[in-house]
Amino acid sequence: MNRPGILPQLHYTSAAPGADGSGFRFTAVSDTVPANLLREIEQLVGYEPPPDAPSRPSAGELASFPTAFTHSTLSDGSRLLCHSVYTGADYSGRYGNFHAHAVWLPSGAPVPGGRLPVELWHSPSWASATPATGRPDPLPELRPGQHLDRTGLTAFAVSRADRLPAFLADVRTLLTVPDAPQLILAEAEPHDVMQWVALASAVLPRELVTTLTFTSYTRRPLQATQQIIGIRPEPGSGHTIGNDHRYRVYDISSPQPPATVDDPWAAVAARIWRAGLPQLFASAAALPVERAADGPFDHARLAAVAAAECVALDSMSRAAAARWAHRHGQGEDADFWGPLLVTIAEGDGGRTSAEWLALRPLSAQFARITGHPAVGVLRDDLRAALADLAGHPLELVLALLALADALAVPTTEALPVLAERATTALLTQLGPGARPTPPRASDLADGTSHPGPEGATDPGALPADDPAAVTAALSRHPGVRAAVLTALDRAAETGDPAALAAVVRAALPDADLTATPHLRMGAMHWQKGDDPVRVFHTLVAEAGPEHRGHPAILRTAHRLVWGNRILTTGHARLLVNELPPDRLEPSGIAELATRAALSAPADDVDAPQLAADLLYYAVRPIEARTRSALSLLALAGRIVDDTAPPGFTEQAVTLCRTADPVEESIARRVGTVIAERLLSSRPHPGELEQLARSEQPALLAAYQAVATSDTIRDRLRVSPTYLASCYIHWSSGRSLNPAWESTRTALLSDVLRPIVRKLPPETIAQITSELERPGGRWAADFRDWSRPGRIARFGGRLLGRKAADQPGTGTIPPGEERLR
């Protein structure tokens with residue numbers, strides 16, 4: 001029997017020989033833990049480090065090993081909470097040891113203090129070593145960790161927004177469907193796995209949270225019994241597991257998120273988390289359900305609570321919230337109804353027929369808040385729907401009319417149709433290639449429209465190709481005029497702003513373009529020879545201060561100035577440095593500048609600094625291959641400026657691999673600057689060895705090209721010291737790899753030998769003297785190598801082969817196989 005207030009515990013690790021044997025074993029177990037469960041528990045507390053972890057970690061490296069925190073259900077219905085950490089070497093000095101500290105909870109027993117299992121992540125109550133007494137220290141409670149808070153979880157939910165709805169839908173399936181697939185979370189850190197678990201724990205009813213099992217880390221997911229399984233991302237592992245119907249994989253390293261899941265409850269739950277309002281799940285649980293069959297996962301109830309807290313919802317969830325409010329919200333106060341109505345009125349995307357039908361019973365409630373700005377959005381949506389009634393069922397038409405009466409929205413259809421015809425007529429004046437798709441009447445309904453007078457022009461009689469008739473019609477109806485200008489401005493966002501502005505000026509010479517920034521920019525004129533960057537900023541300013549930072553404005557300004565031409569790196573640098581960083585990506589300027597950098601010729605002087613600027617100002621993560629290519633380009637600039645730290649060759653080799661395939665101009669640039677640095681009179685130590693070992697064809701080809709240039713040949717002819725240095729470099733590393741062997745052999749035979757043969761004896765003597773300075777056989781080898789005759793020509797190869805066969809003999813002294 002458990003002692004009151006004392007939790008049953010177990011410690012497991014590799015321990016010295018004792019009464020229970022040696023090696024991995026339980027080193028301390030509370031008397032209250034049933035002995036018949038120990039073998040089952042032993043299978044749950046094991047730990048294997050990641051395959052890429054250091055085999056003999058230092059004390060500092062131990063902290064980088066993932067922590068395995070598990071919540072498991074045992075065969076008798078009891079539960080186990082376990083905290084396992086890697087500890088390095090065991091008592092015998094053998095590496096691979098870990099320590100597991102577990103707490104056993106009898107069947108039906110809650111975690112003391114009413115804690116949720118996930119709250120014990122990084123709890124200070126977990127021990128990393130067995131008590132010296134050989135018995136568990138008394139543990140009256142498990143104190144919660146402090147690593148999971150609302151702010152951090154909200155940020156995490158936002159960062160995983162594309163996967164969160166599908167994940168929550170899968171969690172729901174775990175708890176409602178027998179034999180549901182286990183969820184595998186491939187995250188770089190166990191803490192992120194636990195954040196997933198925390199997100200799931202918040203949305204679930206408390207009685208279900210305690211049944212959710214998980215592990216923050218395991219090396220063998222296919223052997224794990226928990227419902228949620230954390231692993232480290234490994235190349236290919238997610239794809240392989242993903243083919244198994246027993247698992248659902250969420251791999252953060254995969255560019256493809258899970259397929260969209262049709263689960264409205266999960267979609268609303270994800271929106272609530274992204275809004276940072278997890279307390280709403282408990283609030284919803286206290287309200288009546290809309291559908292008894294859904295139980296704790298009732299979509300309508302959760303949508304109503306979310307709407308009442310101003311969480312933006314899609315049309316399906318707004319309809320569900322409206323239905324729940326109509327049937328169950330009579331007893332709620334103004335603090336509930338006001339925000340709910342405003343949220344529904346504001347909308348978030350298009351409104352479906354189901355939403356309009358659900359809103360009709362709330363017409364009276366909407367009429368009470370007609371002064372709120374959000375109702376203006378609802379009115380606009382209603383006008384659009386009224387302007388496109390063809391084919392709709394009577395029930396929907398009646399719902400729209402009822403809402404229109406409550407919100408004082410005119411129900412005439414003439415003006416929206418007139419606006420559609422007028423816009424289409426103006427667009428026909430553009431050439432076929434520049435003509436956008438004409439908008440529908442539902443896109444043109446405007447909140448400032450007013451019914452026309454009796455006998456107004458029949459829109460069906462408006463000639464589509466008669467600009468004069470269009471101008472006359474728009475003059476009689478200011479609301480339609482404004483709607484047409486707005487539609488043309490929207491068309492200018494993706495079409496030809498200058499052409500559209502010309503059409504407007506021809507048909508409506510007195511039109512006020514203040515509210516149409518794209519048309520305003522299109523109407524501005526400048527000289528062809530003007531500085532394009534200055535013109536760009538002038539155009540953005542012309543859009544007006546309220547628009548100048550909008551991504552669409554920046555895109556239009558760029559299109560007007562540069563069209564389809566690729567930015568020069570100089571212009572791109574100015575744009576990147578002059579625009580706020582948070583506007584570069586949304587506007588597409590960052591992508592255009594990146595394209596300019598990556599496609600720049602190898603001799604473009606601005607490209608390296610542009611690459612460095614793009615990396616510095618990036619607000620969001622750059623795609624891995626692109627980041628590596630930009631980093632390689634920036635590194636080339638630092639090498640030229642002599643600001644690159646030692647190891648730049650190895651860094652370049654690594655970037656070439658991660659940027660594969662590297663743009664030809666970038667590979668040629670970085671290979672050339674590295675070669676020039678390595679073939680300078682004062683090369684950086686160790687860099688040539690990294691190049692030789694790299695086996696990168698582009699880098700080695702660039703090195704050979706620079707080494708065979710006239711500049712290097714001239715330097716070899718006049719500098720015995722430089723020639724001696726090159727001889728040592730090109731005679732070293734014979735056994736490194738075939739690529740370097742081919743390169744160095746070609747340089748010795750094609751570059752160095754012809755020059756040496758033409759040198760006078762006194763210069764040869766100077767070279768020999770230089771080769772005697774480092775010691776070893778360099779001078780003797782050079783004499784043999786430079787001696788004329790057939791045997792001498794092949795002597796270097798024969799001696800090199802002998803040196804490889806007999807270490808310490810031959811032409812190269814012991815240790816000289818490393819590149820100098």
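Bear in mind that the values here come from a model prediction, so they are computed numbers and not experimental data. (Residues numbered from 1 in each chain as written. Predicted model: local features only at pLDDT ≥ 70, side-chain atom pairs only at ≥ 80, totals over all residues. Heavy atoms only, no water.)

Undergrad: Outline the overall build of the protein chain, supporting the account with residue identities and numerical values.
TA: Along its length, the protein chain carries 39 helices and nine strands. Of all intrachain contacts in the protein chain linking residues separated by at least 6 positions in sequence, the fraction that spans at least 24 positions is 68%. Working note: accessible area of the protein chain is about 38200 Å², and carbon and sulfur atoms make up 52% of it. (Helix = DSSP H or I, 4+ residues; strand = E, 2+ residues; numbered from the N terminus. Contact = heavy atoms within 4.5 Å. Areas by Shrake-Rupley, 256 points an atom, 1.4 Å probe, with all protein chains shown as cover.)

Undergrad: Run through the pattern of salt bridges, naming residues and quoting values.
TA: Scanning all chains against the criterion turns up 30 salt bridges. Of the charged contacts, one joins Arg573 and Asp613 as a salt bridge, the two residues approaching to 3.2 Å between their closest N and O atoms. Residue Arg573 is found in helix 25 (residues 569-578), and its partner Asp613 is found in helix 28 (residues 607-617); the two are separated by 40 residues along the sequence. Residue Arg573 is classed as partly exposed on the basis of its relative accessible area of 26%. Overall, the relative accessible area of 7% leaves Asp613 in the buried class. (Salt bridge = Lys/Arg side-chain N within 4 Å of Asp/Glu carboxyl O. Buried < 20%, exposed > 50% of the residue type's maximum accessible area, 1.4 Å probe, protein only.)

Undergrad: With reference to specific residues and values, describe the nonpolar core.
TA: Phe167, Ile228, Leu340 and Phe366 are the most contacted members of the largest nonpolar core, which totals 95 residues. Other than its neighbours up to four places away in sequence, Leu340 contacts Ala304, Ala307, Ala308, Ala321 and Ala325. Counting 85 residues, the second largest nonpolar core, distinct from the first, contains Ile553, Leu554, Val576 and Leu633. (Core = buried A, V, L, I, M, F, W, Y, C linked by side-chain atoms within 4.5 Å.)

Undergrad: So, the sheet that holds strand 2 (residues 21-29): which residues are in play, and what are the values?
TA: Neighbouring strands of a sheet are bound in pairs by backbone hydrogen bonds; such pairs are parallel or else antiparallel. Overall, mixed pairing links the nine strands, which are arranged 2-1-5-4-3-7-8-6-9 in an open sheet. The strands lining the two open edges of the sheet, one partner per strand, are strand 2 and strand 9 (247-251). Here strand 3 (residues 68-73) runs beside strand 4 (residues 79-89); their pairing, made up of six bridges, is antiparallel. By the bridge assignment for strand 4, His71 is matched with Leu81. Most of the contacts of helix 4 (residues 164-176) go to strand 6 (residues 182-186), to which it runs at about 145°, and overall it touches strand 6, strand 8 (228-231) and strand 9. (Pairing = 2+ DSSP bridges. Axes fitted to C-alpha atoms, helices over the stretch in contact; angles between N-to-C directions.)

Undergrad: Please set out the packing of helix 11 (residues 315-328) against helix 12 (residues 334-346) residue by residue, giving values where relevant.
TA: For the pair helix 11 and helix 12, the least separation of the axes is 10 Å and the interaxial angle reads 150°. Relative to helix 12, the element helix 11 is oriented roughly antiparallel. Both helix 11 and helix 12 take part in a crossing whose hand is left-handed. Counted together, Arg318, Ala321, Ala322, Trp324, Ala325 and His326 of helix 11 and Phe336, Trp337, Leu340, Thr343 and Ile344 of helix 12 form the full contact between these two elements. Of the residues in the contact of helix 11 with helix 12, the class split is eight nonpolar, two polar and one charged. (Parallel < 35°, antiparallel > 145°, perpendicular 65-115°, else oblique. Left-handed = near helix turned anticlockwise from the far one by under 90°. Nonpolar A, V, L, I, M, F, W, Y, C, P; charged D, E, K, R; others polar.)

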